[in-house]
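Topology and contacts: notes
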Amino acid sequence: MVVVQNRITAPAAVAERIEHGFSQPGNLREQPGFISFKLLKATQVSGLDEDEVLYVASTEWETMEAYETWRSGDAFARAHGGGGQGPMRATLEVFEVKVAR
Ligand code: HEM
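Residues numbered from 1 in each chain as written. Predicted model: local features only at pLDDT ≥ 70, side-chain atom pairs only at ≥ 80, totals over all residues. Heavy atoms only, no water.

**Concerning the packing of aromatic side chains**
All told, the structure shown has 6 aromatic pairs when counted by the stated rule. Ring centres of phenylalanine 22 and phenylalanine 37 lie 6.0 Å apart, and the angle between their planes is 20°; on these two criteria the pair is classed as stacked. Here phenylalanine 37 lies in strand β2 (residues 34–41) and phenylalanine 22 lies in helix α1 (residues 15–22), a separation of 15 residues in the sequence. Accessibility expressed as a relative area gives 30% for phenylalanine 22, which makes it partly exposed. On the basis of relative accessibility, which here comes to 30%, the residue phenylalanine 37 falls in the partly exposed class. Lying over the aromatic face of phenylalanine 76, arginine 71 brings its terminal NZ or CZ to 4.0 Å of the ring centre. (Phe/Tyr/Trp six-rings, centres within 6.5 Å; stacked < 30°, edge-to-face > 60°. Helix = DSSP H or I, 4+ residues; strand = E, 2+ residues; numbered from the N terminus. Buried < 20%, exposed > 50% of the residue type's maximum accessible area, 1.4 Å probe, protein only. Lys NZ or Arg CZ within 6 Å of the ring centre and 35° of its normal.)

Quick look at the structure:
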């Protein structure tokens, strides 16, 4: 299993727009090898300006190939084609799962 997280820092002024964008139903559930998706909003984080927000789009996939197939396909492009991404900084983190309970 792999966990792929996209960390998005943005001005608080666009928080509502980000949440609205993520709340649109995509078709992640139909992607082969997809396990789960959560949009996390940080409630405490050091080093973040008061007028900024941090979101983590956290996904779980059965294999790296499954993630990469989604990432390079039309479903990803459609989910990111709305022009709603505005003034955000994004950092991608890819993890392999070592221990799970
Ligand atoms: C510059 C890079 C990225 C930015 C700024 C970004 C931002 C966003 C935003 C704002 C949305 C909501 C839809 C919209 O308003 O357009 C979204 C959807 C999403 N993003 Fe990203 N994203 C980026 C890349 C990635 C990457 C590399 C991943 C990999 C984990 C990812 C995971 C997701 C997922 C899972 C959704 C929901 C898609 C669905 O339900 O079908 N994003 N992203």
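**With respect to the coordination of the iron atom of the ligand**
Counting protein donors around the iron atom of the ligand gives one, His80 (NE2), at 2.1 Å. Residue position: histidine 80 is located in the loop between α3 (74–79) and β4 (89–96). (Donors = N, O, S within 2.8 Å, 3.2 Å for Na, K, Ca; no water.)

**Quick word on the site of the ligand**
Around the ligand, a shell composed of 20 residues is seen, among which Asn6, Gly21, Phe22, Ala79 and His80 lie nearest. In the environment of the ligand, a nitrogen atom lies 3.2 Å from a nitrogen or oxygen atom belonging to the side chain of asparagine 6. Histidine 80 places a side-chain nitrogen or oxygen 2.9 Å from a nitrogen atom of the ligand. Taken together, the elements giving at least two residues each to the shell around the ligand come down to β1 (2–11), α1, α2 (64–71), α3 and β4. Of the residues belonging to the shell around the ligand, the class tally is 12 nonpolar, 7 polar and 1 charged. (Near = heavy atom within 4 Å. Polar contact = N/O pair within 3.5 Å; in protein donor to acceptor, adjacent residues only side chain to side chain. Nonpolar A, V, L, I, M, F, W, Y, C, P; charged D, E, K, R; others polar.)

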